[in-house]
Amino acid sequence: MTAEATGVRLTCDGPVATVTLCRPDVLNAQTPAMWRAMSDFSRDLPGDVRVVVVRGEGRAFSAGLDLSVAGASGPGSFAELATLPEQECADRIAEFQAGFTWLHRPDVISVAAVHGHAIGAGFQLALACDLRVLATDAKLSMAEVTLGLVPDLAGTKRLVELVGYARALEICATGRRLDAAEADRIGLATLVVPPTELDGAVRDLTAGLLAGARDAVVEIKALLAGAAGRSHADQQRAEREAQTRRLRDLAGQGE
């Protein structure tokens, strides 16, 4: 389907892919069609892509769920999901989550370029990325609670990992908005820049990520992504094993 039909497009320029939410007239409010398209992007990604940048057209990154779709009675609506058997409903939500979780892929580093509102699903899309560059006008909110819902697009674990349980609970249970300065202070932002410098900052960060050897960066991401679930001894073993692979590869003895 076309970007006009789904509201999101994928473009590739060598090792950099860009996912652009392109519904600026509704502040890039998200729909199930967008999530399915984003899930498909993982299969469409060329093998030489190393960095994926996620951004939104217009005045906002994403204002969250499109309530005109979710609140109606058609496919993907709350009304439809509520009528499904429990397992089928859960399976449908798993399909939606896949539009976000592919950004965790071990072979790429994902960067969210966030300006304006990143609400609900928009906040979770930013959290799906490995790194977040925020413009100073960014406003973040996990607003699902205001609809009587929970965050279900794979954002809760990432939020806890970044800010801790207590702060994550407060953010999700109140649905309040955080500005870029607070996001930076509590560890949600990799970098905060003026809106006019957002594109340049993302380009500079991308260039830095591409400067290192691809296989080394992949190993580093795997080491750090798995560190929280390992003991010190297990992490040290993982470091040894990763370094052994790198040494053998550099010496021409890799598989």
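The rules behind the values
Residues numbered from 1 in each chain as written. Predicted model: local features only at pLDDT ≥ 70, side-chain atom pairs only at ≥ 80, totals over all residues. Heavy atoms only, no water. Helix = DSSP H or I, 4+ residues; strand = E, 2+ residues; numbered from the N terminus. Rg over C-alpha atoms; globule rule 2.2 N^0.38 Å. Contact = heavy atoms within 4.5 Å. Areas by Shrake-Rupley, 256 points an atom, 1.4 Å probe, with all protein chains shown as cover. Phe/Tyr/Trp six-rings, centres within 6.5 Å; stacked < 30°, edge-to-face > 60°. Buried < 20%, exposed > 50% of the residue type's maximum accessible area, 1.4 Å probe, protein only. Salt bridge = Lys/Arg side-chain N within 4 Å of Asp/Glu carboxyl O. Pairing = 2+ DSSP bridges. Domains from an automatic or database assignment. Buried area = accessible area lost by both parts, 1.4 Å probe. Polar contact = N/O pair within 3.5 Å; in protein donor to acceptor, adjacent residues only side chain to side chain. Nonpolar A, V, L, I, M, F, W, Y, C, P; charged D, E, K, R; others polar. Core = buried A, V, L, I, M, F, W, Y, C linked by side-chain atoms within 4.5 Å. Expected span 1.5 Å × (residues − 1). Arc of directions from axis to C-beta. Right-handed = clockwise from strand over helix to strand, strands pointing away.

**Considerations on the overall build of the chain**
Per the secondary structure count, the chain includes 12 helices and 9 strands. Taking 18 Å as the expected radius of gyration for a compact globule of 255 residues, we find that the chain reaches 19 Å, a close match to that expectation. For the chain, the C-alpha atoms occupy an extent of roughly 60 × 45 × 40 Å along the three principal directions. For the chain, the proportion of contacts with a sequence separation of at least 24, taken over those separated by at least 6, is 68%. Carbon and sulfur atoms form 55% of the exposed surface of the chain, whose accessible area is close to 12,600 Å².

**Structural notes on the packing of aromatic side chains**
Scanning all chains against the criterion turns up 2 aromatic pairs. Centroid distance Trp35 to Phe96: 5.1 Å. Interplanar angle 55°. Geometry classified as tilted. Linking Trp35 in helix α2 (residues 32-44) with Phe96 in helix α5 (residues 86-101), this pair joins segments that are 61 residues apart in sequence. In this structure Phe96 comes out as buried when scored by relative accessible area, which is 3%. Each member of the aromatic cluster is reached from another via a ring pair, and the members are Trp35, Phe96 and Phe100.

**Quick notes on the pattern of salt bridges**
In the structure shown here, the tally under the stated rule is 16 salt bridges. The network of salt bridges with common partners includes Arg167, Glu170, Arg176 and Glu182.

**Topic: the pairing of strand β4 (residues 109-114)**
Of all 6 residues making up β4, 6 are buried, and the element is well covered by its neighbours. As defined by bridge partners, strand β3 (residues 51-56) adjoins β4 across 4 bridges and the pair is classed as parallel. The partner of Val51 across the bridge, within β4, is Ile109. Across 4 bridges, the pairing between β4 and strand β6 (residues 131-135) is parallel. Within the sheet, the bridge partner assigned to Val111 lies in β6 and is Leu131.

**A look at the domain arrangement of the chain**
Taken domain by domain, the chain consists of domain 1 (8-210) and domain 2 (213-251). Placing a centre on the C-alpha atoms of domain 1 and another on those of domain 2 gives a separation of 28 Å. Contact residues are listed per partner, giving 13 residues for domain 1 and 5 residues for domain 2. Across the domain 1/domain 2 interface, buried area totals approximately 640 Å², and carbon plus sulfur atoms make up 48% of it. Summed over the shared surface of domain 1 and domain 2, the result is 1 salt bridge. Between the two partners, domain 1 and domain 2, sit 6 residue pairs in polar contact (both at pLDDT 80 or more). Residue composition of the side of domain 1 that touches domain 2, grouped by class: 6 nonpolar, 2 polar and 5 charged.

**Observations concerning the nonpolar core**
Met38, Val52, Val114, Leu140, Leu159 and Leu188 are the most contacted members of the largest nonpolar core, which totals 48 residues. With 6 residues, helix α6 (residues 121-128) is the largest single contributor of residues to this core. In this view, Leu140 contacts Val114, Ala118, Ile119, Phe123, Leu134, Arg176, Arg177, Leu178, Ala183 and Leu188; residues no more than four positions away in its chain are not counted.

**Examining helix α12 (residues 232-250)**
Between its first and last C-alpha, α12 extends 27 Å over 19 residues, near the 27 Å set by a 1.5 Å rise per residue. Within α12 the residues assigned to the buried category are Gln235, Ala238, Ala242 and Arg246. What you see down the axis of α12 is that its buried residues fit within an arc of 70°, all on one side. Looking at the packing, one finds that the buried side of α12 touches α11 (214-227). Of the residues trailing α12, Gly252 is marked for its positive phi of about 80°.

**Looking at the pairing of strand β2 (residues 16-21)**
Most of β2 is tucked away, with 6 of its 6 residues classed as buried. In this sheet, β2 lies alongside strand β1 (residues 8-13) in antiparallel orientation, the contact comprising 6 bridges. Counterpart to Asp13 in the pairing with β2 is Val16. Here β1 folds back onto β2 in antiparallel fashion, the turn holding 2 residues, of which Gly14 has a positive phi close to 60°. Pairing analysis gives 6 bridges linking β2 to β3, with the strands arranged parallel. Bridging across to β3, Val16 finds its partner in Val51. Handedness of the crossover joining β2 and β3 through α2: right-handed.

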